[in-house]
Amino acid sequence: MKKNIGISPNIETLFGTRDENVRLLEDGFNVAINLRSNAIELEGAARDVARAEQVFADYESLQRSGHTFNNGDLHSMLRVLTSDPNSTLRALADAGRQRSLGRRTVQPKSSNPRRYLEAIEAHDMVFGIGPAGTGKTYLAVAMAISALLSKRVNRIILARPAVEAGERLGFLPGTLQDKIDPYLRPLYDALYDMVDPEKVDRYLEKNVIEIAPIAFMRGRTLNDSFVILDEAQNTTSEQMKMFVTRLGFNSKAVITGDVTQIDLPNARRSGLVEAVDVLKSVEGLAFVHFDEADVVRHHLVQRIVRAYDEHKTRVSEQQMFLLAEPLHGEASAGIEKPAAREAPTEAKG
């Protein structure tokens, strides 16, 4: 079916750079969208046309109410729409409300980051698990800064395993802090992005914000704190158990990691992988899983993550097939063939 809808003011901003949003809607909804002189023509199946029409109507309504989309927010929301038939642009815009965190304004760009922020608000311990570039650490640090500035906690503690990513760095010169700083640099980057550098330095000097390897957590009880464990896939089972039992009164803990990037030596089992299995039924915890659709870095990162996931699936299937073949061969070899019957010999008279 074909349907024409009126052209509202500034509707061209929905189209995106070089009409990238139009192409996304056409591919996702399986419709054709054509801009005429006095209308926008939608063509496709009735149900698909209705969904596309709803997007245009929601966008016009949001614009009239003063809503603005920044930094690729609209494109990210349209990606969610095309993959989730039950979502609407208005619902995503309302749910992904902007949060003022430090000197930054953070707005979830898809449903999983939104669930992640809501889980941190509602639970005292949250696990954020997913691929690189989904904002797990950045959003956790943002929520920690918000809690500190609003005086809901008295300090922030950021921890990370001091594990090298597949290479040996050898001896590092300087003080103990100088030696561990390279491992903790991503946490510093997130802090300096959200709070004035002078303020961050002051907080660090007074230990209001503490950044340390997870090994320094043993024996401590962390009260009135917002605690973040980053790169948790590189913790051992003992380290993870030690960390999750540090939580004191009026404290929150957020554990983030990517189980596809484990750098532990000698193929030791990741503490994060074990924690997901052991703690999944514990009341009061929340687990939020991200996927490649939530990646907020360069668009190539999303494709790279998907390619690695597909490769891992193919390799697993091949390994299963190779393992199954010998078993099948052994089963066949175990079946004895019936012995050939000898022809009866005639008695000589």
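These numbers come from a predicted model, not from an experiment.

(A) Focus on the overall build of the protein. Looking only at helices and strands, one finds 11 helices and 11 strands in the protein. Burial status across the protein gives 40% buried among its 349 residues. Look at the contacts in the protein between residues 6 or more apart in sequence, and 71% of them connect residues 24 or more apart. Carbon and sulfur atoms make up 50% of the accessible area of the protein, which amounts to about 20,300 Å² in all.

(B) Geometry of the confidence of the model for the protein. Averaged over every residue, the pLDDT of the protein is 80; the share at 70 or more is 80%. Between the elements of the protein, mean pLDDT differs from a low of 63, seen in strand 4 (residues 99-101), to a high of 96, seen in strand 6 (residues 125-129). Note on residues 165-169: pLDDT is under 50 here. Beyond four places in sequence and across chains, it has 4 contacts.

(C) How the structure looks around the packing of aromatic side chains. Applying the stated criterion to the full structure yields 2 aromatic pairs. Between F127 and F287 the ring centres are 4.7 Å apart and the planes differ by 15 degrees, which places this aromatic pair in the stacked class. You can see F127 sitting in strand 6 and its partner F287 sitting in strand 11 (residues 285-289), a full 160 residues away along the chain.

(D) Structural detail: the packing of helix 5 (residues 111-122) against helix 6 (residues 136-149). Two numbers describe how helix 5 lies on helix 6: the axes approach to 11 Å, and their chain directions differ by 35 degrees. For the element pair helix 5 and helix 6, the recorded crossing hand is right-handed. Facing helix 5, whose interface residues are P113, Y116, L117, I120 and E121, helix 6 presents K136, L139, A140 and M143. Classifying every residue of the contact of helix 5 with helix 6 by side-chain character gives 7 nonpolar, no polar and 2 charged.

(E) Just the nonpolar core, in detail. Grouped together as the largest cluster of nonpolar side chains are 36 residues, with contacts concentrated most on Y116, I145, L191, I209, I211, F226 and I228. When residues of this core are traced back to their parent elements, those giving at least two are helix 5, helix 6, strand 7 (155-160), helix 7 (176-194), helix 8 (197-205), strand 8 (209-213), strand 9 (225-229) and strand 11. The element that contributes the greatest number of residues to this core is helix 6, accounting for 9 residues. Among the nonpolar cores identified, the runner-up in size contains 27 residues, and L42, V80, L81 and L89 belong to it.

(F) Seen up close, the side chain of E41. Structurally, the position occupied by E41 is in strand 3 (residues 39-43). Relative accessible area serves as the criterion here: at 11%, E41 is assigned to the buried category. Each residue touching E41, except ones within four places of it in the same chain, is listed here: K2, K3, N4, A32, I33, N34 and R36.

(G) Structural detail: helix 5. Under the 1.5 Å per step criterion, the end-to-end length of helix 5 is 16 Å for 12 residues, consistent within 8% with the ideal 16 Å. Along helix 5, the residues that are buried comprise N112, P113, R114, Y116, L117, A119 and I120.

(H) Structural view of the pattern of salt bridges. Inspection of every chain in the model, using the stated rule, returns 9 salt bridges. E41 serves as the salt-bridge partner of R36, at 3.1 Å between the closest nitrogen and oxygen. Each of R160, D230 and E231 takes part in salt bridges that share partners, so that together they form one network.

(I) Focus on helix 6. The terminal C-alpha atoms of helix 6 lie 20 Å apart, and with 14 residues this matches the ideal 20 Å at 1.5 Å per residue to within 8%. Taken across its 14 residues, helix 6 has 12 buried, putting it largely inside the fold. Of the residues one or two after helix 6, K151 is the one with positive phi, at around 60 degrees.

(J) Structural context of the environment of L74. You can see L74 is positioned in helix 3 (residues 73-83). Beyond its immediate chain neighbours, meaning those up to four positions away, L74 contacts T13, L14, N21, Y59, F69 and L89.

(K) Expanded view of the pairing of strand 2 (residues 32-35). As paired strands, strand 2 and strand 3 are joined by 4 bridges and run antiparallel to one another. Within the sheet, the bridge partner assigned to N34 lies in strand 3 and is E41. The turn joining strand 2 and strand 3, which pair antiparallel and follow one another in sequence, is formed by 3 residues.

(L) Structural detail: the sheet that holds strand 3. Across the sheet, which stays open at both edges, the 3 strands sit in the order 1-3-2 with antiparallel pairing between neighbours. Each end of this open sheet is capped by a strand with a single partner; those strands are strand 1 (2-6) and strand 2. Taken pair by pair, the neighbouring strands of this sheet meet at an average axis angle of 20 degrees, ignoring direction. Packed onto the sheet, helix 2 (residues 46-64) meets strand 1, strand 2 and strand 3 and runs at close to 150 degrees relative to strand 3.

(M) Here's a closer look at a nonpolar patch on the surface. The grouping of V259, I262 and V273 at the surface amounts to a nonpolar patch, some 180 Å² of accessible area in total. Mapped onto the elements of the fold, V259 is located in the loop between strand 10 (252-257) and helix 10 (271-279). We classify V259 as partly exposed; its relative accessible area is 34%.

(N) Focus on unusual backbone geometry. One non-glycine residue, D224, adopts positive backbone phi at about 50 degrees. Positive phi, normally seen in glycine, also occurs at N250, with a value near 55 degrees. Looking at where N250 falls in the secondary structure, it is placed in the loop between helix 9 (237-244) and strand 10. The exposure class assigned to N250 is exposed, which follows from its relative accessible area of 51%.

Rules used throughout
- Residues numbered from 1 in each chain as written.
- Predicted model: local features only at pLDDT ≥ 70, side-chain atom pairs only at ≥ 80, totals over all residues.
- Heavy atoms only, no water.
- Helix = DSSP H or I, 4+ residues; strand = E, 2+ residues; numbered from the N terminus.
- Buried < 20%, exposed > 50% of the residue type's maximum accessible area, 1.4 Å probe, protein only.
- Contact = heavy atoms within 4.5 Å.
- Areas by Shrake-Rupley, 256 points an atom, 1.4 Å probe, with all protein chains shown as cover.
- pLDDT = per-residue confidence, 0-100.
- Phe/Tyr/Trp six-rings, centres within 6.5 Å; stacked < 30°, edge-to-face > 60°.
- Axes fitted to C-alpha atoms, helices over the stretch in contact; angles between N-to-C directions.
- Left-handed = near helix turned anticlockwise from the far one by under 90°.
- Nonpolar A, V, L, I, M, F, W, Y, C, P; charged D, E, K, R; others polar.
- Core = buried A, V, L, I, M, F, W, Y, C linked by side-chain atoms within 4.5 Å.
- Expected span 1.5 Å × (residues − 1).
- Salt bridge = Lys/Arg side-chain N within 4 Å of Asp/Glu carboxyl O.
- Pairing = 2+ DSSP bridges.
- Patch = residues over 30% accessible without salt bridge, like charges linked within 9 Å, V, L, I, M, F, W, Y side chains within 5 Å.

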